[in-house]
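Breakdown of the fold
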Amino acid sequence: MKHLLALIIMSSVLCGGTVDFRGGKVLCAELSTAVPRISGFVPDNYNELPADRIYAAVTVMCDEGRSLSIYDYGLEVFGKVYPCIAIRTNNGIFTAAHDDSSRVNPKHKYTLLFITDSKLAGLNSNEMHGLRSLYAKGKFAVQKIEFQNIGKKSFTAAGAIPVSGKMTEKK
C-alpha cells in the first residue's frame, strides 16, 4: 500500500498540473534563449526591450466568454513588468497583432510571448514570476508562476502540452 501511495504521489508530480489565473488556466511556462518566429513584430513599438534577451512563453486555456489581446497581460519579474509582444493560437506562429481583444475559443491553447531581461530572468534558475493582469485588480491580478528553463530549445508546441498542464503552483 505504501508503494502504491508513493507511486501515485510521484506520478502526480511528474504529470504536472495547471495554475489558475484571471482568464483561465496556465498550462505551461517556459524560458528560452531561442528566438521564436514572430509575424508582424516591430521592435520599435516597444520602448524598453532589453539588450540581453530571454524569451518567456506562457501557454493558457481561457475560460468561456473571455477575450485576449497582447495588451491584457504583462510578465512581472522582480517588480519590472514586461509587455506581451505576441500570441499564438494552438500550434500556429506567434502574431504580434496590435488590434483589439478577440474572443477566445475555450478549447484552444494560447501562448503569450514576452521578452525579458536575461540578467533578471536567467536560465540558471526557475525563480517565480508573476503573470500580471494589466487592467484588473483583485483575485488573480498577479498570479505567481514557475517557469521551466529549456535553454536554447524552442518552446513546446501547444499540441504537445496536455490539457491537464505541466505546471506546479508555488505559494
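What you see is a predicted model, and the numbers here were worked out from it, not measured in a lab.

**Brief notes about the packing of aromatic side chains**
The tally for this structure, following the rule as stated, stands at 3 aromatic pairs. Here the guanidinium or amino end of Lys80 rests over the ring plane of Tyr82, the centre of that ring lying 5.3 Å away.

**Topic: the pairing of strand E7 (residues 80-89)**
Relative to E7, strand E6 (residues 73-77) runs antiparallel, the two being bridged by 4 bridges. Each residue of the ladder has a partner; that of Gly74, found in E7, is Pro83. Hairpin connection from E6 to E7: 2 residues lie between these consecutive antiparallel strands, with Phe78 at a positive phi of about 50°. Summarising the sheet, E7 and strand E10 (residues 110-117) pair through 5 bridges and their orientation is antiparallel. Looking at E10, one finds that Cys84 is bridged to Phe114.

**A word on the pattern of salt bridges**
Inspection of the entire model under this criterion finds 4 salt bridges. For Glu48, the salt bridge goes to Lys80, with nearest N and O atoms at 3.0 Å. Taken together, the residues Glu48 in the loop between strand E3 (38-39) and strand E4 (53-62) and Lys80 in strand E7 connect sequence positions 32 residues apart. Its relative accessible area of 30% is what places Lys80 among the partly exposed residues.

**What to know about the nonpolar core**
Core analysis: the biggest nonpolar cluster contains 38 residues, and Val26 and Ile145 have the highest contact counts within it. When contributions to this core are tallied by element, the ones reaching two or more residues are strand E1 (19-21), strand E2 (24-32), E4, E6, E7 and E10. Those residues in contact with Val26 that lie beyond four places of it in its chain are Gly17, Thr18, Val19, Phe21, Val58, Thr59, Val60, Leu131, Ile145 and Met167.

**Quick look at unusual backbone geometry**
Located in the positive-phi region is Phe78, a residue other than glycine, with phi close to 50°. As for its position among the elements, Phe78 is in the loop between E6 and E7. Assessed through its relative accessible area of 60%, Phe78 is described here as exposed. The phi angle at Asn90 is positive, at roughly 50°, despite the residue not being glycine. Relative to the elements of secondary structure, Asn90 occurs in the loop between E7 and strand E8 (94-95). By relative accessible area, which is 26% here, Asn90 ends up partly exposed.

**Side note on the side chain of Thr111**
By the element assignment, Thr111 lies in strand E10. In terms of polar contacts, Thr111 uses its side chain to reach the side chain of Thr59, at 2.9 Å. Once you skip the residues sitting within four places of it in the chain, Thr111 turns out to touch Ala57, Val58, Thr59, Ala86, Ile87, Arg88 and Phe94.

About the criteria used
Residues numbered from 1 in each chain as written. Predicted model: local features only at pLDDT ≥ 70, side-chain atom pairs only at ≥ 80, totals over all residues. Heavy atoms only, no water. Phe/Tyr/Trp six-rings, centres within 6.5 Å; stacked < 30°, edge-to-face > 60°. Lys NZ or Arg CZ within 6 Å of the ring centre and 35° of its normal. Pairing = 2+ DSSP bridges. Helix = DSSP H or I, 4+ residues; strand = E, 2+ residues; numbered from the N terminus. Salt bridge = Lys/Arg side-chain N within 4 Å of Asp/Glu carboxyl O. Buried < 20%, exposed > 50% of the residue type's maximum accessible area, 1.4 Å probe, protein only. Core = buried A, V, L, I, M, F, W, Y, C linked by side-chain atoms within 4.5 Å. Contact = heavy atoms within 4.5 Å. Polar contact = N/O pair within 3.5 Å; in protein donor to acceptor, adjacent residues only side chain to side chain.

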